[in-house]
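# Notes for the structure review
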Amino acid sequence: MTETVRPSMKAQVATATRTFFISGFGTALEFYDFIIYGLAAALVFPSLFFPSFDPALGTLVAFAAFGSGFIARPLGGIVIGHFGDRIGRKAMLVLTLLIMGASTFLIGCLPDYRTVGVAAPVMLVVLRLVQGFAAGGEWGGASLFGIENAPENRRGLWGSFTSAGIGIGSLLGTGVFTLITLLPEDQLQNWAWRVPFWLGGLLVLAGVVARSRMPREERRTEHAPRVPILESIKRHPRQMLLAIGVAFGYNTLAYIGTIFTVTYAEELGYSHTESLLLQVAGSVAFTLAVPVMALLSDKIGRKPVVILGTLVYGAFFFAYFPMVDGHILALATVAYILVNVLMAAPQGCIPAFLGEQFASATRYSSISATYQTGAALGGGTAATTATALFIAFDGNPIGVGLYSAAAALVLSLCAWGLRETFKVPTAELGIRPPARRDAGAVLDTTAG
């Protein structure tokens, strides 16, 4: 008996590891790029690409260029999701990774303003738009690869591989750029800032090799609707709207938790080194907590983990700010760790929870379009809105706390309206269940 069980377990571990690498790699690259661009925008891009502005305004414009990537995300989700449903997941997952890697590498090759004038910032914005387009199709496809290849009782865990990629990418990006900033300032400005972008482009090669070895898929054109996204809107309008609400609420909370919290700490006088330590501690906590939360959702359901975790997360911001205000590094580190652990509750479940709402024939289009629309509406505005509220309340973070609570409420209500799916067989996902006369059937028959 022992001899037959061990190979099976080894095979499962090997398959899970391979799936983790394939599905989580693109998300890791996306957040690696997010971190290195954010640091570059703060340290070098204002003088290199926007020297005609004063330093503060140059930094603002550099961050605005970063935000432009959010504009293209919903379009990327719709276009790439369409072909992912029509011709297959594999081709799109390879394509998105190639586009993301090429764009990241080319940013590292851009001439600065002194060399080509206004063409330099224009090219920077164009490449950010291309990155956003690719990222819009990357997350949905990578999540689905984990979900659709998972054992029936592990879709939450395998779907969370992309979520774990967020923490891995953040750690890698922070570490690489921190090493670069140890160089003299003139070297950082002249050439060293390019190295993290070149490295990001080269890392893609490993991911492309892994994804090109994905198993062949059956031809999907015979099964997929002519326009999958329109079919999904027609058949599942309620799920589409609720999924956008979930993505909006989560991304609002996530960008407050990852961007505004760091800005707030530095405004209080925390050093760059202390800020770095806080980010590293938070990223490690998030990476470890994501699979735990996802596995818990495989045991007790998606909705309890998402809703309870989100409500506690939103409420915790009212405790987070006083914990950081004391300027005690150990206490602030605990606050950052708790923020990231609580953030992992919805994020660890969302890939499976949203993907399970739709049938296979339209799933790529549906999850990509809804999530990326919510991300653009929430993540694209969260840091700016939080900063504006902070200023409006004269430096009192209570406004940001209320904003976070409102986002948590939106996420929780939308998650409550979706169907609980953790026990639904993979083959039956997105199919309207038969009507029943018991009270529990009301949500099921309307949600399918």
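One can find the structure itself at the top, above this paragraph.
Heads up: these notes are all about the structure in this document. None of these values were measured; they are calculated from a predicted model.

## With respect to the packing of helix H6 (residues 119-148) against helix H15 (residues 329-355)
Orientation of H6 relative to H15, taken along the N-to-C sense of each, is 85°, at an axis distance of 10 Å. As the angle between them shows, H6 and H15 are arranged roughly perpendicular. Facing H6, whose interface residues are Trp 139, Ser 143, Leu 144 and Ile 147, H15 presents Gln 347, Ile 350, Pro 351, Ala 352 and Gly 355. Here the residues of the contact of H6 with H15 sort into 6 nonpolar, 3 polar and no charged.

## What to know about the pattern of salt bridges
One pass over the structure, following the stated rule, counts 10 salt bridges. Between Arg 89 and Glu 148 there is a salt bridge, and its shortest N-O distance comes to 2.8 Å. Of this pair, Arg 89 sits in helix H4 (residues 89-107) while Glu 148 sits in helix H6, and the two are 59 residues apart along the sequence. A relative accessible area of 2% places Arg 89 in the buried class. With its nearest N and O atoms 2.7 Å apart, the salt bridge here joins Glu 356 to Arg 302. Residue Glu 356 is located in the loop between H15 and helix H16 (363-392), and its partner Arg 302 is located in helix H14 (residues 302-325); the two are separated by 54 residues in the primary sequence. Classification of Glu 356 by relative accessible area gives buried; the value is 2%. Several salt bridges share partner residues, and in doing so they unite Glu 152, Arg 155, Asp 298, Arg 302 and Glu 356 into one network.

## Quick word on helix H9 (residues 185-192)
When H9 is considered as a whole, its buried residues turn out to be Leu 188, Gln 189 and Ala 192. Angular distribution of buried residues about the axis of H9 spans 140°; they occupy a single face of the element.

## Overview of unusual backbone geometry
Here the phi dihedral of His 327 falls at roughly 55°; this positive angle occurs in a residue that is not glycine. Take His 327: it is sitting in the loop between H14 and H15. At Asp 394, a position not held by glycine, the phi torsion is positive, near 55°. Of note, Asp 394 is situated in the loop between H16 and helix H17 (398-417). For Asp 394, a relative accessible area of 73% gives the class exposed.

## A look at empty space enclosed by the protein
Over the atoms, a rolling probe the size of a water molecule traces out where space has been left empty. Under the criterion given, the structure shown has 1 cavity of 30 Å³ or more. Taken as a whole, the largest cavity spans an internal volume of roughly 180 Å³. Counting residues per element, the ones that place at least two in the lining of the largest cavity are helix H1 (2-43), helix H3 (55-86), H4 and H6. Ranked by the residues each element gives to the lining of the largest cavity, the list is headed by H1, at 5 residues. A class-by-class count of the residues in the lining of the largest cavity yields 8 nonpolar, 4 polar and 4 charged.

## Some points on the packing of aromatic side chains
Within this structure, the stated rule accounts for 16 aromatic pairs. Both rings, one in Phe 49 and one in Trp 193, keep their centres 6.0 Å apart while their planes meet at 85°; by these two values the pair is edge-to-face. With Phe 49 in helix H2 (residues 45-49) and Trp 193 in the loop between H9 and helix H10 (194-212), the pair connects residues that are 144 residues apart, well separated along the chain. In this structure Trp 193 comes out as buried when scored by relative accessible area, which is 1%. Cation over ring: Arg 128 sits above Tyr 37, and NZ or CZ is 4.8 Å from the ring centre. The ring of Trp 416 carries Lys 303 above its face, with NZ or CZ at 5.2 Å from the centroid.

Rules used throughout
- Residues numbered from 1 in each chain as written.
- Predicted model: local features only at pLDDT ≥ 70, side-chain atom pairs only at ≥ 80, totals over all residues.
- Heavy atoms only, no water.
- Axes fitted to C-alpha atoms, helices over the stretch in contact; angles between N-to-C directions.
- Helix = DSSP H or I, 4+ residues; strand = E, 2+ residues; numbered from the N terminus.
- Parallel < 35°, antiparallel > 145°, perpendicular 65-115°, else oblique.
- Contact = heavy atoms within 4.5 Å.
- Nonpolar A, V, L, I, M, F, W, Y, C, P; charged D, E, K, R; others polar.
- Salt bridge = Lys/Arg side-chain N within 4 Å of Asp/Glu carboxyl O.
- Buried < 20%, exposed > 50% of the residue type's maximum accessible area, 1.4 Å probe, protein only.
- Arc of directions from axis to C-beta.
- 1 Å grid on protein atoms, 1.4 Å probe; cavity = no way out; pocket = protein on both sides within 12 Å on 5 of 7 lines; lining within 4 Å.
- Points joined across faces, edges and corners; volume = space filled by probe spheres on them.
- Phe/Tyr/Trp six-rings, centres within 6.5 Å; stacked < 30°, edge-to-face > 60°.
- Lys NZ or Arg CZ within 6 Å of the ring centre and 35° of its normal.

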